[in-house]
Amino acid sequence: MNLNKAIIVGNVTQQPEIRSIATGTQVANFSVATNRFYNDRATGERQQETEFHRVVAWSRLAEIIGQYVQKGSLIMIEGRIQTRSWDDKTTGAKRYATEIIADSIQLGPRREGATGGAPSQYADRTQPSPRTQRSAPSQDEPPMPTIDAGAVTEDDIDLKDIPF
């Protein structure tokens with residue numbers, strides 16, 4: 001059995017680039033930074049290591065990313081790892097890029113004044129949180145669920161399978 005699956009949770013490092021290919025399909029390219037914290041064995045000091053991941057999303061996911069995601073947004077990406085290669089036109093050298101091809105995304109909570117991200121479904125909107133104050137979503141704005149590239153209908157979901 002083989003499995004190619006990547007799940008990352010991090011912050012978008014730059015404004016996503018949204019473009020259309022010749023067929024009219026949209027594609028989003030952006031990068032996500034993830035952090036790892038650990039204690040240095042020699043000094044005992046807390047250290048931080050940051051990794052940067054290239055992410056590519058297609059079709060409806062690309063449209064949603066263009067609409068809701070911006071630099072600094074917290075996002076969870078689930079997808080597969082793909083390495084592509086090409087010949088550099090100027091040097092003739094072979095170039096490689098390893099990317100995560102997004103299958104689904106989940107948007108993080110909105111920061112005050114930001115348009116990217118989704119409202120937290122667990123936040124009590126009647127009382128501001130002691131850590132952050134969030135405004136209630138407007139009536140025009142639909143709630144942002146987890147978005148999956150595969151079409152899932154209500155008939156595919158069985159309430160017995162939900163663990164809560």
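The structure presented is a predicted model; accordingly, all values stated were derived computationally and were not measured. (Residues numbered from 1 in each chain as written. Predicted model: local features only at pLDDT ≥ 70, side-chain atom pairs only at ≥ 80, totals over all residues. Heavy atoms only, no water.)

A. Structural context of the nonpolar core. With 20 residues, the main nonpolar core has F30, V55, I65, I75, I77, A102 and I105 as its most contacted residues. Contributing elements (two or more residues each) for this core: β1 (6-12), β3 (26-39), β4 (46-58), α1 (59-68), β5 (74-87) and β6 (94-107). A total of five residues in this core trace back to one element, the largest contributor, which is α1. Residues contacting V55, with those up to four places away along its chain left out, are I8, A28, N29, F30, V32, I77, I100 and A102. (Core = buried A, V, L, I, M, F, W, Y, C linked by side-chain atoms within 4.5 Å. Buried < 20%, exposed > 50% of the residue type's maximum accessible area, 1.4 Å probe, protein only. Helix = DSSP H or I, 4+ residues; strand = E, 2+ residues; numbered from the N terminus. Contact = heavy atoms within 4.5 Å.)

B. Summary view of the pattern of salt bridges. Taken as a whole and assessed by the stated rule, the structure comprises six salt bridges. Across the pair R36 and E49 runs a salt bridge, and its minimum N-O distance is 3.2 Å. A residue pair is termed long-range when its members are at least 10 positions apart, and R36 in strand β3 and E49 in strand β4 qualify at 13 residues. (Salt bridge = Lys/Arg side-chain N within 4 Å of Asp/Glu carboxyl O.)

C. Up close: α1. Taken as a whole, α1 has its buried residues at L61, A62, I64, I65 and Y68. Taken down its axis, α1 places every buried residue within 165° of arc, on the same side. (Arc of directions from axis to C-beta.)

D. Geometry of the environment of W86. Summarising the element assignment, W86 is placed in strand β5. Given the relative accessible area of 34%, W86 is considered partly exposed. Sequence separation between W86 and A97 is 11 residues; the distance between their C-alpha atoms is 8.9 Å. Not counting the four nearest positions on each side in its chain, W86 is found in contact with A93, K94, R95, Y96 and A97.

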